Amino acid sequence: VPGPPEQLRVEKRDITTGALVAAFDGDGIVLSNPSTGPDYYFDIAIDSTYLYLAGVDFVGTAYRWRIEKRSLSSGALATAFDTDGIVISASNDEIAYGIAIDATALYVVGYDRNGTGPTSQWRIEKRNLTTGALVAGFGAGGVAVSDTAGIREEAFAVAIHRTGLYV
C-alpha cells in the first residue's frame, strides 16, 4: 500500500532542550504539500528575521525549483517575497539543492536540464533578499550556468565570502 506523498516539513526546536517551539506555526512544525508528488527541502539559510528554504516540488512529470521565505518566529510565509513567499524557478526536471545569503541577496544552486544534450548543467541564481526577484547583473539575467557537454552536472552547496562565491 503506498504511503502518503512526501511533503515539505520544517521544524523549529529549542536549542537547549530540543523540544518543539509551539509558537512556530502553532505546534513547532510547518507542513506543506504543494503537489501530488514528492516535495522536498534540501537546504536552509537564516538571517535575524527569516529562514530561506531551497528544494523542489513535483508537478506533472517533473521537479521544479522551490524557494521559500518564512518568518523565523511564526513560520508564516513572507508575502513580500514574490507576492506569496514562494519563488518557483526552472521547470524542466530541475532541483535546487543549496542556498546561502548575504546582506542583500540569496544564492541558490542546483541543476537544470537545459545543458548540452540530454545532460544537466549547474544552475546558480542570485535573487533579491526582499522581493525574490533575480538580480540582473549576475550571470545572464540573474542566472549563471556551468555546462560541460555530455556530462551530468549538479551543484549541491554554496558558500559566500566577501571575495567570492564558492559552489
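About the criteria used
Residues numbered from 1 in each chain as written. Predicted model: local features only at pLDDT ≥ 70, side-chain atom pairs only at ≥ 80, totals over all residues. Heavy atoms only, no water. Pairing = 2+ DSSP bridges. Helix = DSSP H or I, 4+ residues; strand = E, 2+ residues; numbered from the N terminus. Axes fitted to C-alpha atoms, helices over the stretch in contact; angles between N-to-C directions. Core = buried A, V, L, I, M, F, W, Y, C linked by side-chain atoms within 4.5 Å. Buried < 20%, exposed > 50% of the residue type's maximum accessible area, 1.4 Å probe, protein only. Contact = heavy atoms within 4.5 Å.

S.K.: How should the sheet that holds strand β5 (residues 62-71) be read in this particular structure?
M.R.: What holds strands together in a sheet is hydrogen bonding between their backbones, with the strands either parallel or antiparallel. The strand order across the open sheet built from 4 strands is β3-β4-β5-β6, with neighbouring strands paired in antiparallel fashion. The sheet terminates laterally at β3 (40-46) and β6 (86-89), the two strands that pair on one side only. Averaged over all pairs of adjacent strands, the angle between strand axes in this sheet comes to 20°, irrespective of strand direction.

S.K.: Even after reading the chapter, I still don't get the nonpolar core, so can you show me in this structure?
M.R.: The nonpolar side chains of a soluble globular protein tend to be buried with one another. The biggest cluster of nonpolar side chains holds 13 residues, and the ones touching the most others in it are Y52, I67, I99, I101, L106 and V108. Residue assignment for this core shows that the elements contributing at least two residues are β4 (50-59), β5, β7 (95-101) and β8 (105-112). Top element by residues in this core is β7. It accounts for 3 residues. Sequence-distant contacts of Y52, defined by excluding residues within four places in its chain, comprise D43, I44, A45, I46, D47, E68, K69, I99, I101, L106 and L129.

S.K.: I keep staring at the environment of V109 and nothing clicks. Help me out?
M.R.: Examined against the element boundaries, V109 turns out to sit in strand β8. Judged by relative accessible area, which is 0%, V109 ranks as buried. Considered as a pair, V109 and R162 are 53 residues apart in the sequence and their alpha carbons are 18 Å apart. Setting aside chain neighbours within four positions, we find V109 in contact with W65, A96, Y97, G98, R123, I124, A155, F156, A157, V158 and V167.

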